[in-house]
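# Observations on the three-dimensional arrangement
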Amino acid sequence: MVIAFAAGAATFFALESAAMAAGRPEGVPNWWILVTSVAFFLPVLFLLGRTFPFLTDWYYLLPAIVFLLVFTVYPIVLTVYLAFTDYSGARNGFPDRATETAVAQVEGARITLAADPLRALGCGESCVDERLELVGDGHRARFRVIAEAGATLTLDRAPAFAPRYAYRVNAYHFIGFKNFVFIFKNASKALWPVFVWNVVFAAFTVLSTALVGLLLGVLLNNKDLKLRNLYRTLLIISWALPGVITIQMWVALLNKQFGAINRLLGLLGVYPIPWLLDPLWAKVSVLLVNLWLGFPYMMTATLGALSTIPDELYEAAKVDGANALDAFQYITLPLLKTAFVPILLASFAFNFNNFNVIYLLTGGGPATEGQLSTAQATDILISWAYKTAFRSEGQSAYGLGAAISLVIFVLTVGISLVNFRVSGALREEGRR
């Protein structure tokens, strides 16, 4: 597969060079690299199948393996790589078309521009070590500036064509652990406040939804309760509706001036509450809305687990003189524990990275004094990483966002291991 991809990539670049030589500076579409790779990959598969027949059984797994490599392994490898670079919207490896400057003269490896390079190319104090893309007569190539003298730049090699325009390449560089140093150096302004709130948010959500879901599940499991199917239907609506719509409705309901909740409280003599504008009330709003969204799942899980408990156990307990509270304490809760432990762990993991409710309800805000602009009052780790990667100070700090993602991965693994150890989820059956 690797050999086929390398051969396909080489063919792709050869086609791109041929297209530029034919007067098409845009080259060929990038998706052609897949076409050329497949063109080499299929014959390789055929030859391998003929040479080693036992490999043909694995061909059935090939689509799944390719899908796994493209959509799982490649993003992970790319994230790890970017975490050690300064890759961003301003440093993305592409030429900056705003720096287009005409080339007035070419003498071997030296080019003379029609304007001052420092100002026209935006090099800053010096253009030395900057990378330039030269374009002309259907050709383009990249060069490194090794010396400068006024408007004349000396390149690392002579162009093989007559360049007409020069562009500065927004190059990115390998910076080692600088992104991680920045994260931990500013930990008091972002990492620790966000992490503590993230844990509180996930833990409170799991506990509150579990308690409310358990209570409602036990009540609705009573076969003598009239209209219990109607109650189930009404209580499950918030789970059945798309979360995007539900959260947007809550944004309107919690509006300080025009929201229905504050209008109702106003009738009771309560001053308008800044639900989404005050850092503390914004956190309360997030927890309440997430409770509304999450308790139907716990209620449904409780009803499902209760349906597996035989009625004979309750009848035997009743014969032995146990009341309803005793039956709940000694029969219902112990039997629900086995089913609820993995559900609670999964719910904690989900809510630890519950991006939707944070982004759609508060956008991570409101701003908090003393914290970074990308780590506001209700931001959790995943929303902090998103805002850093895509909205950091007017540009996209992908490298820093990737580094934050790796930190999140380490923290998530650590918390998961603690959860598994406390709950005994990974304990062998024979050692219990």
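Structure report, in brief. (Residues numbered from 1 in each chain as written. Predicted model: local features only at pLDDT ≥ 70, side-chain atom pairs only at ≥ 80, totals over all residues. Heavy atoms only, no water.)

## Let's talk about the packing of helix α12 (residues 311-319) against helix α13 (residues 324-352)
Rules: To get an axis, fit a line to the C-alpha atoms, keeping to the stretch in contact for a helix; angles then go from 0 to 180 degrees between the N-to-C directions. Per the convention used, a helix needs a DSSP run of H or I reaching at least four residues, while a strand needs a run of E reaching at least two, with both numbered from the N terminus. Here is the rule for angles: anything less than 35 degrees is roughly parallel, anything more than 145 is roughly antiparallel, 65 through 115 is roughly perpendicular, and the remaining ranges are oblique. Crossing handedness is read from the near helix: turned anticlockwise from the far helix by less than a right angle, it gives a left-handed crossing, and turned clockwise, a right-handed one. Whether two residues touch is decided by their heavy atoms; if any such pair falls within 4.5 Å, the residues are in contact. For this scheme, ten residues count as nonpolar: Ala, Val, Leu, Ile, Met, Phe, Trp, Tyr, Cys and Pro. Four count as charged, namely Asp, Glu, Lys and Arg, and the remainder, Gly too, count as polar.
Put simply, α12 and α13 touch, their axes get as near as 10 Å, and they point 160 degrees apart. Of the possible angle classes, the one that applies to α12 and α13 is roughly antiparallel. α13 is crossed by α12, and the crossing has right-handed handedness. Contact residues: α12 offers Leu313, Tyr314 and Ala317, while α13 offers Ala327, Ile331, Thr332 and Leu335. The residue makeup of the contact of α12 with α13, split by class, is six nonpolar, one polar and no charged.

## Brief notes about the pattern of salt bridges
For side chains of opposite charge, pairing can occur when their charged atoms come near one another. Put simply, the rule reads: Put simply, a salt bridge is a Lys or Arg side-chain nitrogen that is within 4 Å of an Asp or Glu carboxyl oxygen. Accessibility here uses a 1.4 Å probe with only protein chains present; expressed as a share of the type maximum, an area under 20% marks a residue as buried, one over 50% as exposed, and anything in between as partly exposed.
Considering all chains together, one arrives at 10 salt bridges under this definition. One salt bridge in this structure joins Arg91 and Asp86, with 3.4 Å as the shortest N-O distance. With a relative accessible area of 32%, Arg91 lands in the partly exposed category. In this structure Asp86 comes out as buried when scored by relative accessible area, which is 17%. Its salt-bridge partner being Arg110, residue Glu107 comes within 3.5 Å of it at the nearest N-O pair. Arg110 sits in the partly exposed class, given a relative accessible area of 43%. Each of Arg97, Glu133 and Arg142 takes part in one network of salt bridges that share partners.

## What about the state of the cysteines?
Short version of the rule: Two cysteine sulfur atoms form a disulfide, by the criterion used here, when they sit within 2.5 Å.
For the structure on display, the rule yields one disulfide. Paired through a disulfide, Cys123 and Cys127 show a sulfur-sulfur distance of 2.1 Å. Because the torsion about its S-S bond is 95 degrees, the bridge between Cys123 and Cys127 counts as right-handed. Each member of the pair, Cys123 together with Cys127, is buried.

## Here's the deal with the sheet that holds strand β5 (residues 152-155)
The strands that make up a sheet are held in pairs by hydrogen bonds between backbone atoms, and each pair lies either parallel or antiparallel. Short version of the rule: At least two bridges found by DSSP between two strands are what make those strands a pair.
With respect to topology, six strands assemble into a closed barrel ordered β1-β2-β5-β4-β3-β6, the strand pairing being antiparallel. Neighbouring strand axes in the sheet, compared pairwise and without regard to direction, differ in orientation by 45 degrees on average. Summarising the sheet, strand β1 (residues 101-107) and strand β6 (residues 165-168) pair through two bridges and their orientation is antiparallel. Bridge pairing in β6 links Thr101 to Ala166.

## A closer look at a nonpolar patch on the surface
As a reminder, the rule being used: Only residues above 30% relative accessible area that lack a salt bridge enter a patch, with like-charged residues linked at up to 9 Å and the nonpolar side chains Val, Leu, Ile, Met, Phe, Trp and Tyr linked at up to 5 Å. To measure how exposed things are, a 1.4 Å probe is used in the Shrake-Rupley method; for residues, cover is taken only from the protein chains shown.
A contiguous nonpolar patch, built from Trp58, Leu61, Ile65, Val66, Phe67, Leu68, Leu69, Val70, Phe71, Val73 and Val77 and spanning about 1,000 Å² of accessible area, is present on the exposed surface. Mapping Leu69 onto the fold places it in helix α3 (residues 62-82). Judged by relative accessible area, which is 34%, Leu69 ranks as partly exposed.

## Considerations on the pairing of β1
By the bridge criterion, four bridges tie β1 to strand β2 (residues 110-113) in an arrangement that is antiparallel. The residue bridging Gln105 from the neighbouring strand is Thr112, located in β2. Connecting β1 to the next strand, β2, in antiparallel fashion are two residues, including Gly108 with a positive phi near 65 degrees.

## As for the nonpolar core
Here is the rule: Buried residues of nine kinds, namely Ala, Val, Leu, Ile, Met, Phe, Trp, Tyr and Cys, make up a nonpolar core once their side-chain atoms join them within 4.5 Å.
Of all hydrophobic cores here, the largest spans 28 residues; its most connected members are Ile183, Leu381 and Trp384. Put simply, the parts of the chain that give this core at least two residues each are α5 (178-185), α6 (191-220), α13, α15 (381-391) and α16 (398-423). Here the element with the most residues in this core is α16; it accounts for eight residues. Excluding anything up to four places from it in sequence, Leu381 contacts Leu191, Val194, Phe195, Asn198, Phe352, Ile404, Ile408 and Leu411.

## Quick notes on the environment of Arg97
With respect to the helices, strands and loops of the structure, Arg97 is situated in the loop between α3 and β1. By relative accessible area, which is 45% here, Arg97 ends up partly exposed. Separated by 71 residues in sequence, Arg97 and Arg168 place their C-alpha atoms 8.0 Å apart. Excluding residues that lie within four positions of it along the chain, Arg97 makes contacts with Glu133, Arg140 and Tyr167.

## A closer look at the packing of aromatic side chains
Convention followed: Aromatic rings from Phe, Tyr and Trp, with only the six-membered ring used for Trp, were paired whenever their centres fell within 6.5 Å, and each pair was classed as stacked if the ring planes differed by under 30 degrees, edge-to-face if by over 60, and tilted otherwise.
Under the criterion given, the structure shown has 19 aromatic pairs. With a centroid separation of 5.5 Å and 45 degrees between ring planes, the pair formed by Tyr87 and Tyr398 is classed as tilted. With Tyr87 in the loop between α3 and β1 and Tyr398 in helix α16, the pair connects residues that are 311 residues apart, well separated along the chain. Exposure remark for Tyr87: the relative accessible area of 18% places this residue in the buried category. Assessed through its relative accessible area of 27%, Tyr398 is described here as partly exposed. Ring geometry for Trp239 against Tyr297: centres 5.7 Å apart, planes inclined by 70 degrees, an arrangement best described as edge-to-face.

## Overview of the pairing of strand β3 (residues 131-136)
Counting buried residues in β3 gives five out of six residues, a clear majority hidden from the surface. Here β3 pairs with strand β4 (residues 139-149) via six bridges, running antiparallel. Bridge pairing in β4 places Glu133 opposite Arg142. Hairpin connection of β3 to β4: two residues between the antiparallel strands, including Asp137 at a positive phi of 55 degrees. The pairing of β3 with β6 spans four bridges and is antiparallel.

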